[in-house]
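Listed below are the residues making up each chain.
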Amino acid sequence: MQPILSVSGLKAYYQMRYFGVAREIRAVDDITLHINRDEIYGIAGESSSGKSTLIKTIARAIRPPLNVVGGSIAFDFEAGPRDLYALSEEQLSAIRWRHLSYIMQGSMNVLNPVRRIRHSFVDFAFRHMGLPMPAFLQRVEDHLAHLSLQPGILESFPHELSGGMRQRVTIALATVCRPDFIIADEPTTALDVVVQKNVLGMIRRLQQEMGASVLFVTHDMAVHANLCDRLGIMYAGRLVEEAPTRALFQRPLHPYTAHLIRSLPRIGDDTPRHGLEGRPPSLAAPPPGCRFHPRCPLAMDICKREVPPMEELESGHRVACHAALQGIAP
Amino acid sequence: MTKALLELRDVSKTYAGGGLLSRRHVAAVSGVSFSLQAEQPEVFAIIGESGSGKSSLARMVLGLSAPSQGTILFRGQDVTALRSRRDRLAFMRQVQPILQNPFEAFNPLTRVDRYLYATARNLAGASDQAAAEAAADGALQQVGLSLAELRGRFPHELSGGQLQRAAIARALIPRPALLVADEPVSMIDASLRMTIVNLFRDLRERLRVSIIYITHDLATAYTISDRIVIMRHGEIVESGNAREVLAHPQHPYSIQLKESVLSIEGAWNKETALVSSGNREGSRL
Amino acid sequence: MWNILRDLLRYNWEFAAGAILLGAVIIVAALSFISPYPPLDVYVAPPDMPPSSEHWLGTNSRGQDVFWQLTVAVRNTLLFGVVVAVISRLISLAVGLFAGYMGGSVDRMLMSVNDTFIVLPIFPILVLFYFVMRDQMSWALLALVAACLGWSYDARLIRSVALSLKTREFTTQSAFCGMNAAEIVTREHLPYVMPIVFTTTMNNMNWSIGLEVTLSVLGFTDVNTPTIGGMIYWANQHAALVSGIWWWIAAPVALVIVVFVSLFLLSLSMNEYIDPRSRLARMGSG
């Protein structure tokens, strides 16, 4: 089956000039991945790993100084794969929300704070549904009821709802048109753990019912372990490892992934955990070769010179690491 | 009777809320009591979710806001009674904060080392620049850094982990008896986080400094703390030895909190998984 | 420092235009020091001469050369603007930063003083002041009074920024470094209000120069000190427009417009440069 999203060789740089000082930040540097229909694909990475830039680029929500320098992004909704950046503004707005929607980190950025929730639904979704207003509102109420939300919240203001409730409303908003592809940017990071678990469960259930694909971005490895079907790990603007979630957690091949998993503290586990030395590299002047080599316990000579290619070592398990290619386990 | 290092007696904090006509009072903290002993330094974790009042509590312990009711005694002295500058400085020599976001705790427009010199001069009796630099370097060595790495650097030139360690070093310069750390690793990247967490435990052992560690993360609290309290809506719902409370929570809220923590092991356990996710088992390609 | 100026001149047309205009005005003002005529003397040239090669901007009805008169006038007017701006900036910074940082009763006290100054009708007070002082009314005294009346709006503006700076974590950390209020305010908070100080400096100079011109035109100042307003005052006294001596009025008016425009352009460009966000971006933390 055709993947719903194919990203190949994508490069997106911030290109800036401040009073004559030119700076180029390679936030996304040569990323190739595809996302299948009916799956949750997770992207994990630290701050400045380029994960936010990647999803901005995939959503074509970029503004200067961020520019796409190379590569392509193709979505296949119904009419075969089409390059997102070749579409006109009209074609794009026909796709947005109907086929491609977003769940953001701050629900307050989506919901207008001075208008009732109902208006947000009308503003975002009404023209994509092609229904008369009473039928549309009925659909919205049905959808809310399906998500265990009272229809009465349509008449409330965002500030009257708790953070968890607001985030569930934004999820309802993003899914009311039954889109094929949903981009979720740290949707649960600001939530308390009890609420977080409910919200994640809701995202999972909706995805399965609709058969949609979700691109889920967070830095929290435990969330990825519990939610995603496949997982990509980003480091310093590059994808370093990608595998089905369980395989990735049980047998990580990249030393960075292995560290991320092992350093997580666990209740009831007293073995000491360690942080990595060094710091994530500056994307304005990344180190040559493998960008992880200055902090890597397995670093070899070749790592300082050559960028490791992304190779599929096991079925569906890709990794970009010279050591892993030689069969050295992290 | 020996004086406790820190003692909170029935501390409450209410904020006036509501609009012009409807004045209502919101309790951020209500009836909190606990004490830390001077002779036995410990890592004391305060666990709570947003709105539990844990940060309000930290601000009161630091003397940044006064409790509405109850008293906070530091070595037998009321923290809110410290009015004069001399008393405040004496208090700061004993109690120091570690703040949440190191990129915020250091003014982005100021060189990082300047804060260490200022602390050395004002609180550790360094009379000239050489003495201040020596004190700063000594404290930085304690956290695995050196002045040479930091001299003249701006915050953005350092990683979050380095900055937070510099913040801890700064707090250590006056050789305090108590550190109050409010979510000190929540803004730090995962690969650097454990370095900071381990450092707190290490400091308690090496420097015999007590630490109040405020967090929402049960797993981190389990890793570093000796005693914990779990707070909800401004009240303590459960307290005790960290290992015992987190292994066998008694209060319904504590139990719910522990069960909600997502873990990697739990991800493939049928009972704890988010939903029955049949297609996650195989390698569906 | 020179690099900054060079970059600003090269990449910011507002700065370049403003700097060139203001530079021209300052050169004109500096020429007053080599003026062939003592500025206060009258009937040193044939009166009412139109612009010519001998008298570039003509002469006025009091027998003064308009060009050389203008050089002294613009010098005094610019100096007046600078003095008022500096004094009133110092007051508004001190009041705004301390009120914002200290909060509580200090804030309430300073702000009630501040609000009193905001509601005071400045113009009638200055006129009243002139009638009280009469012959003691000097240029310096007027600058001092204008400065004391021109700080209150900006102090409120600075206080609002200081209030939000107070809640930033670095303020807490600075306090626990043992810094006192003055150190925190000047070292930690001052850089964040500098953009406001710069824009308000330019605005304040425009305001005070406008005030000086207005008062002088009406004769409520020491009209014997040559200023832009004073020149217009004398031109009006001699009904210059009615008798067709247009250059006597046109020259000072044109020059004061140039001053206004150049100050505005400079405030625009300096603001962009000194803004902490743009500063941080240039330092490389973007």
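Residues numbered from 1 in each chain as written. Chains lettered and ligands numbered in written order. Predicted model: local features only at pLDDT ≥ 70, side-chain atom pairs only at ≥ 80, totals over all residues.

**What to know about the overall build of chain B**
Note the threshold: Only DSSP runs of H or I reaching four residues or more are called helices, and only runs of E reaching two or more are called strands; each is numbered from the N terminus. Restricting the calculation to C-alpha atoms gives the radius of gyration, and the globule rule supplies 2.2 Å times the number of residues raised to the power 0.38. Each residue is classified by how many other C-beta atoms fall within 10 Å of its C-beta atom, where C-beta atoms are placed from the backbone; a count of 20 or more means buried, 12 or fewer means exposed, and values in between mean partly exposed.
In terms of helices and strands, chain B carries 11 helices and 10 strands. For 285 residues, the compact-globule estimate of 2.2 N^0.38 gives 19 Å, and the C-alpha radius of gyration of chain B, at 21 Å, lies within 12% of that figure. Taken along its principal axes, the extent of the C-alpha atoms in chain B is 70 × 55 × 45 Å. The buried share of chain B, reckoned over its 285 residues, is 49%.

**Details of the interface of chain A and chain B**
Inclusion rule: We call two residues in contact whenever the C-beta atoms placed from their backbones are within 7 Å. Each residue is assigned to one class: nonpolar for Ala, Val, Leu, Ile, Met, Phe, Trp, Tyr, Cys and Pro, charged for Asp, Glu, Lys and Arg, and polar for all the others, Gly among them.
Listed per partner, the contact involves 40 residues of chain A and 36 residues of chain B. For the side of chain A that touches chain B, the elements supplying multiple residues, two or more each, are helix 7 (193-210), helix 8 (221-227), helix 9 (245-250) and helix 10 (255-262) of chain A. With seven residues, helix 7 of chain A is the largest single contributor of residues to the side of chain A that touches chain B. For the side of chain A that touches chain B, the residue count by class is 18 nonpolar, 12 polar and 10 charged.

**Let's talk about the packing of helix 3 (residues 66-102) of chain C against helix 6 (residues 139-149) of chain C**
Angle between the axes and distance between the axes are the two parameters that describe a pair of packed helices. Residues and elements named next belong to chain C. The condition is simple: Orientation is described by lines fitted to C-alpha atoms, with helices fitted over the stretch in contact, and by angles between N-to-C directions that extend from 0 to 180 degrees. Helix crossings get a hand from a simple test, with the near helix turned counterclockwise from the far one by less than a right angle marking a left-handed crossing and a clockwise turn marking a right-handed one.
For the pair helix 3 and helix 6, the least separation of the axes is 8 Å and the interaxial angle reads 40°. Like other packed secondary-structure pairs, helix 3 and helix 6 cross with a definite hand, here right-handed. Packed against helix 3, whose contacting residues are Asn76, Phe80, Val83, Val84, Ile87 and Ser88, the element helix 6 presents Trp139, Ala143, Ala146 and Ala147 at the interface. Here the contact of helix 3 with helix 6 is composed, by residue class, of eight nonpolar, two polar and no charged.

**Re helix 1 (residues 51-58) of chain A**
The element helix 1 of chain A is largely enclosed, with a buried count of six among its eight residues. Of the residues one or two after helix 1 of chain A, Arg60 of chain A is the one with positive phi, at around 50°.

**Structural notes on the nonpolar core**
Applicable threshold: Any nonpolar core is a set of buried residues, restricted to Ala, Val, Leu, Ile, Met, Phe, Trp, Tyr and Cys, that join up through C-beta atoms within 7 Å.
Core analysis: the largest hydrophobic core is formed by 242 residues, its most contacted members being Leu215 of chain A together with Ile212 and Tyr213 of chain B. Ranked by residues supplied to this core, first place goes to helix 3 of chain C with 15 residues. If we ignore the near neighbours within four places in the chain, the residues touching Tyr213 of chain B are Val43, Phe44, Ala45, Ala181, Phe200, Ile224 and Ser225 of chain B.

**Brief notes about the sheet that holds strand 8 (residues 213-217) of chain A**
All names here are of chain A. Counted only if it meets this: Strands qualify as paired when DSSP identifies two bridges or more between them.
On the basis of which strands lie adjacent, the open sheet formed by eight strands has the order 6-7-8-3-9-10-12-11 and mixed pairing. Edge positions in the sheet fall to strand 6 (100-103) and strand 11 (311-314), since each has one partner strand and no second. Going across the sheet, the axis of each strand differs from the next one's by a mean of 20°, ignoring polarity. Across three bridges, strand 11 lies against strand 12 (residues 317-319) in antiparallel orientation. Bridged to Glu314 within strand 12 is His317.

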